[in-house]
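Coordinate analysis (summary)
Spelled out, the chains give:
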Protein chains: 4
Amino acid sequence: MARTTDKEAKRKQIIEAALKVFARKGLSNFKMAEIAEEAVVGKGTLYEYFRTKEELIMGSISQFMMEFEEYVMAQIVAVDGPVEKIERIVQASCEYCLKNEEQLDAMLDFYAVGIPRSGGGPALMDLAPRYRSVIQWVGDVIQEGIDKGLFRKVDPESVASIVVAVLDGFIFQAAIGVLKMDPQKLSASLRDTIVNGLLKETEQGRI
Amino acid sequence: MARTTDKEAKRKQIIEAALKVFARKGLSNFKMAEIAEEAVVGKGTLYEYFRTKEELIMGSISQFMMEFEEYVMAQIVAVDGPVEKIERIVQASCEYCLKNEEQLDAMLDFYAVGIPRSGGGPALMDLAPRYRSVIQWVGDVIQEGIDKGLFRKVDPESVASIVVAVLDGFIFQAAIGVLKMDPQKLSASLRDTIVNGLLKETEQGRI
Amino acid sequence: MARTTDKEAKRKQIIEAALKVFARKGLSNFKMAEIAEEAVVGKGTLYEYFRTKEELIMGSISQFMMEFEEYVMAQIVAVDGPVEKIERIVQASCEYCLKNEEQLDAMLDFYAVGIPRSGGGPALMDLAPRYRSVIQWVGDVIQEGIDKGLFRKVDPESVASIVVAVLDGFIFQAAIGVLKMDPQKLSASLRDTIVNGLLKETEQGRI
Amino acid sequence: MARTTDKEAKRKQIIEAALKVFARKGLSNFKMAEIAEEAVVGKGTLYEYFRTKEELIMGSISQFMMEFEEYVMAQIVAVDGPVEKIERIVQASCEYCLKNEEQLDAMLDFYAVGIPRSGGGPALMDLAPRYRSVIQWVGDVIQEGIDKGLFRKVDPESVASIVVAVLDGFIFQAAIGVLKMDPQKLSASLRDTIVNGLLKETEQGRI
DNA sequence: AATGAATGAGCATTCATTCAT
DNA sequence: AATGAATGAATGCTCATTCAT
């Protein structure tokens, strides 16, 4: 059991180092040696935990994405009401980005890794399923709003797409430095713009 | 007299080949030799037009971005009315992506290139100014809507940020394959969700 | 623990191989791959010990020059008397060239490397200090001869310049094949021509 | 006839440019393009006059050596007396180096070109015959001195070797910057050191 | 298990040379 | 005859990966 824990801990340690290096150098410029140095292990050790560079990249990104998702989900479970849920998902996403400001620089790279190439093999990592599930989840919230008579009868999936798109767009704008990742301001702004537009006339101004 | 050449034309030819290769292989995996082959020129020729691989990348992306911008701008000049302008910018953006579906795969890479790295030099290409000007432009449209009494008194810049963010987010979703780039549908969807939310109560349903 | 290596020994091994290749191909025609092959190491290994080709060249030449100097110095320490010292330095220099006959071919290249270029950076290697110290040393011997009343009152430095010049000239003549590097003959010849001319009339024929 | 003159003139023009570039960059670092630029002709033109880079190098060095020799010879023809001849050859050599101070930087390279390589082809240029003839000529002068009863009965060829060696050594010392090419001083110095040593005792102090 | 010295496939880049104009 | 755009063979150097210790 101790063995497993040790192994797992060192793997985490390497991934943490990797994410730092990704942020600093970008996914296409970092070297395995840099990660080894950052993780304070030998180059050879990396290969005890990841078979190839590619696997280390995928492993690290997966880990990051998973923690992102977990964080957001954890912030949401206790929230009631569709409007609040959407507000909270925006806030939580921004919060996570802020807490991992360093990673922000690398997130676009993470996204790019998910692009399938027409020529050559498939995407290094298939982001689509994860993406669909997020959109699905947001769509359910929208549907919930409609069902509760709060929202107009919009197409839940389309709106969900938009909400998720805004979040990604914010991340990009923050990464290039034209937007400040302010959870309160951005969630308020999104609420005022999108959620308001979703509310039925009779509901507007009430919430 | 020596062999005469239209330098500008050959430069374009190389850039076109480069963009194709970028889409196929991604910005971090392509080889100069591939571009030479695609452009049907010798490897050495590439270096007659671009001093380094990096410069070729930047030149090609710049060209792409510029053409993107030009296309969208051209589609917009003749449009009147804030709502129509926003609708049209979404449509035009989608159209250009559709016309260059091949490039779509590479666009996330293009974005990633614009991320400044905390460690090491600056971003390969500074997208911020271009971005700010687009947001500014959309913001002006929003302001126009407010001035005309069409829109509620929102913060123009925040809304502009959101609109632009949605466009980028759409591009990403299309790239990973969870969204279809349908100009009509997406612009209608955006209009129904965002623009509606911007309209004053008295205006809703009229436009 | 990792594969352990005597870094210093391997460095020597590479330098030895390099000097062989220099002699065979000349400083401007050799390829790194040739040195790797001669040293029976991988190309990459060369770069573990020398950052660039230039550094490998400089390191190897430095080493050669140093060993040359050490050899000559070692042959001289025990020698008494100015005339004998000069004779011995000539002999020792020739001996070293003979023992390293292979290198002889490359020595002119080594010299050329020390030439500072008016345009562009400084010389790859500054031979001037080392040169001045040798001339200084020979000058001291001449001075000693004058002080002891053996030599005429000549300018020690000028004569030292000449002696050193002759040695270099010999190396060149040997390299192009118009002179045989015969320590006995050359030192005798130099003694008969130069040293004799330095002796006071009263001393001539005595020594 | 005009044709020939033009051709010959342009050839000279190229060689002159080449020598300048050699001095600036060294024989192993210059590029054909640099020579074309310096000569203010197109790259292609170089190949109208020299089949290859190597041929251009050889042609230029030959030209330089020939002019060197011609200059020295011209300065010597009218000189009488072995001592004066030797003094004059030293002076003339220094003078030429001074007049072509720029080339001085490249002369070691020229020498190096004459070194035959054990492995690979022969020397790019065989300096031996030219060298032997110079040594021969100096040897004849020494012999003349002996015959006239001025010099001791030394081995003419050995002494000639030394004299020529000194000249080359001076050039090297001047190139690396430890010696000033002063015709008067150097010839006087050489005369005082070598020639004096050659004089018979009865002649010393007379000349 | 951990390491880092060794490796060589792989790639950006250079530059002598060609040849259409 | 003169040119310089085009070319690709050649080469320095990198870095993921291996493996002896």
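As a starting point, this report considers the structure included with it. (Residues numbered from 1 in each chain as written. Chains lettered and ligands numbered in written order. Predicted model: local features only at pLDDT ≥ 70, side-chain atom pairs only at ≥ 80, totals over all residues. Heavy atoms only, no water.)

Attention shifts here to the overall build of chain A. For chain A, the count of helices and strands is nine helices and zero strands. If you list the helices and strands of chain A from N to C, you get α-α-α-α-α-α-α-α-α. Look at the contacts in chain A between residues 6 or more apart in sequence, and 67% of them connect residues 24 or more apart. Here chain A displays about 9,400 Å² of accessible surface, and carbon together with sulfur accounts for 51% of that area. (Helix = DSSP H or I, 4+ residues; strand = E, 2+ residues; numbered from the N terminus. Contact = heavy atoms within 4.5 Å. Areas by Shrake-Rupley, 256 points an atom, 1.4 Å probe, with all protein chains shown as cover.)

Here we take up the interface of chain A and chain B. Interface size is often expressed as the accessible area that is lost when the parts come together. Every contact between the two is made by 53 residues of chain A and, on the other side, 54 residues of chain B. Applying the counting rule to chain A against chain B returns two salt bridges. Between aspartate 192 of chain A and arginine 152 of chain B there is a salt bridge, with the nearest N and O atoms lying 3.4 Å from each other. Inspection of the region where chain A meets chain B yields eight residue pairs in polar contact (both at pLDDT 80 or more). (Salt bridge = Lys/Arg side-chain N within 4 Å of Asp/Glu carboxyl O. Polar contact = N/O pair within 3.5 Å; in protein donor to acceptor, adjacent residues only side chain to side chain.)

On to the packing of helix α5 (residues 82-99) of chain B against helix α7 (residues 128-147) of chain B, then. All names here are of chain B. Here α5 crosses α7 at 155°, and the two axes come no closer than 8 Å. As the angle between them shows, α5 and α7 are arranged roughly antiparallel. Crossing of α5 against α7: the hand is left-handed. Here Pro82, Lys85, Ile86 and Ile89 of α5 come into contact with α7, specifically with Trp137, Val138, Val141, Ile142, Glu144 and Gly145. Here the contact of α5 with α7 is built from residues that sort into seven nonpolar, one polar and two charged. (Axes fitted to C-alpha atoms, helices over the stretch in contact; angles between N-to-C directions. Parallel < 35°, antiparallel > 145°, perpendicular 65-115°, else oblique. Left-handed = near helix turned anticlockwise from the far one by under 90°. Nonpolar A, V, L, I, M, F, W, Y, C, P; charged D, E, K, R; others polar.)

Further remarks concern the interface of chain D and chain C. Chain D puts 54 residues into the contact, and the matching count from chain C is 53 residues. Viewed at the interface, chain C and chain D are joined by two salt bridges. Taken together, chain D and chain C are joined by eight residue pairs in polar contact (both at pLDDT 80 or more). It is helix α8 (residues 156-176) of chain D that contributes the most residues to the side of chain D that touches chain C, 14 residues altogether. Residue composition of the side of chain D that touches chain C, by class: 27 nonpolar, 15 polar and 12 charged.

Let us now look at the packing of aromatic side chains. The tally for this structure, following the rule as stated, stands at 36 aromatic pairs over all chains. Summarising the aromatic geometry, the rings of tyrosine 71 of chain C and tyrosine 96 of chain C are spaced 5.3 Å apart at their centres and angled 45° between planes, so their arrangement reads as tilted. With tyrosine 71 of chain C in helix α4 (residues 53-76) and tyrosine 96 of chain C in helix α5 (residues 82-99), the pair connects residues that are 25 residues apart, well separated along the chain. Tyrosine 96 of chain C carries the same exposure label as tyrosine 71 of chain C, and that label is buried. A centroid spacing of 4.9 Å and a plane angle of 15° characterise the contact between phenylalanine 68 of chain D and tyrosine 96 of chain D, whose relative ring orientation is stacked. Residue phenylalanine 68 of chain D is found in helix α4 (residues 53-76), and its partner tyrosine 96 of chain D is found in helix α5 (residues 82-99); the two are separated by 28 residues along the sequence. For the residue pair phenylalanine 68 of chain D and tyrosine 96 of chain D, the accessibility class agrees, reading buried in each case. Through a chain of ring-to-ring contacts, the aromatic side chains of Phe22, Phe30, Phe64, Phe68, Tyr71, Tyr96 and Phe110 of chain A assemble into a single cluster. Across the ring face of phenylalanine 30 of chain B, the terminal group of lysine 53 of chain B is positioned such that the distance to the ring centre comes to 4.5 Å. (Phe/Tyr/Trp six-rings, centres within 6.5 Å; stacked < 30°, edge-to-face > 60°. Buried < 20%, exposed > 50% of the residue type's maximum accessible area, 1.4 Å probe, protein only. Lys NZ or Arg CZ within 6 Å of the ring centre and 35° of its normal.)

Another aspect to go through is the relation of the copies chain A and chain B. For the pair chain A and chain B, the best superposition has an RMSD of 0.1 Å and corresponds to a rotation of 180° with a translation of 0.0 Å parallel to the axis. Taken together, the rotation angle and the small translation identify this as a two-fold axis. (Least-squares fit on C-alpha atoms with pLDDT ≥ 70 in both.)

Under the definition given, this model contains 36 salt bridges over all chains. Taking the shortest distance from any N to any O, the salt bridge between arginine 51 of chain C and glutamate 55 of chain C comes out at 3.6 Å. Using a relative accessible area of 26% as the deciding quantity, one classes glutamate 55 of chain C as partly exposed. A salt bridge links arginine 88 of chain D to glutamate 95 of chain D, with the shortest nitrogen-to-oxygen separation between them at 3.4 Å. Accessibility expressed as a relative area gives 16% for arginine 88 of chain D, which makes it buried. Connected via shared salt-bridge partners are Lys85, Glu144 and Lys148 of chain A.

Turning to the relation of the copies chain D and chain C, a few remarks are in order. You can overlay chain D on chain C at an RMSD of 0.1 Å; the transform is a turn of 180° with a shift of 0.0 Å along its axis. In this assembly the copies share their binding face: 98% of the residues contributing to the interface of chain D also contribute to that of chain C.

Quick look at helix α6 (residues 101-113) of chain C now. At methionine 107 of chain C, α6 of chain C shows its maximal bend, which comes to roughly 35°. In terms of burial, α6 of chain C is largely enclosed, as 11 of its 13 residues are buried. Its buried side turned inward, α6 of chain C meets α1 (7-25), α4, α5 and α8 (156-176) of chain C together with α6 (101-113) and α8 of chain D. (Bend = angle between axes of the 7 residues up to and from the residue.)

It is worth spelling out the environment of glutamate 48 of chain B at this point. Residue and element names in this part refer to chain B. Assignment of secondary structure puts glutamate 48 in helix α3 (residues 43-49). Glutamate 48 gets classed as exposed once you look at its relative accessible area, which sits at 57%. The sequence separation of glutamate 48 and arginine 11 amounts to 37 residues, and the corresponding C-alpha distance is 9.3 Å.

So, on to the state of the cysteines. All names here are of chain A. In this structure the tally under the stated criterion is zero disulfides over all chains. In this model cysteine 97 remains outside any disulfide bridge; the closest cysteine sulfur is found in cysteine 94, 6.5 Å from its own. For cysteine 97, a relative accessible area of 3% corresponds to the buried category. (Disulfide = S-S within 2.5 Å.)

Looking now at unusual backbone geometry. In the Ramachandran plot, valine 40 of chain A falls in the positive-phi region, its phi being about 55° despite a non-glycine side chain. Relative to the assigned elements, valine 40 of chain A resides in the loop between α2 (32-39) and α3 (43-49).

Here we take up the packing of helix α1 (residues 7-25) of chain B against helix α6 (residues 101-113) of chain B. All names here are of chain B. Between α1 and α6, the shortest axis-to-axis distance is 7 Å and the interhelical angle comes to 80°. Taken as axis vectors, α1 and α6 run roughly perpendicular relative to one another. Between α1 and α6, the contacting residues are Leu19, Lys20, Phe22 and Ala23 on the first element and Glu102, Gln103, Asp105, Ala106 and Phe110 on the second. In the contact of α1 with α6, the residues fall into five nonpolar, one polar and three charged.

This part takes up the environment of isoleucine 171 of chain B. All names here are of chain B. As for its placement among the helices and strands, isoleucine 171 is situated in helix α8 (residues 156-176). For isoleucine 171, a relative accessible area of 5% corresponds to the buried category. Each C-alpha atom of the pair isoleucine 171 and serine 93 lies 9.2 Å from the other, and the pair is 78 residues apart in sequence.

One can find serine 158 of chain B in helix α8. One polar contact links serine 158 of chain B to aspartate 155 of chain B, side chain to side chain, over a distance of 2.5 Å. Residues contacting serine 158 of chain B, with those up to four places away along its chain left out, are Lys185 and Ser189 of chain A.

Residue and element names in this part refer to chain C. Under the 1.5 Å per step criterion, the end-to-end length of α1 is 26 Å for 19 residues, consistent within 8% with the ideal 27 Å. Looking at α1, one finds that the buried residues are Ile14, Ile15, Ala17, Ala18, Leu19, Val21, Phe22 and Ala23. Among the structural elements, α2 (32-39), α3 (43-49), α4 and α6 are those in contact with the buried residues of α1. One side-chain oxygen at the N-terminal end of α1 lies 3.1 Å from the backbone nitrogen of glutamate 8; it belongs to aspartate 6. At the exit of α1 stands glycine 26, carrying a positive phi of roughly 90°. (Expected span 1.5 Å × (residues − 1).)

Everything listed here is a matter of geometry and, on its own, says nothing about what the molecule does.
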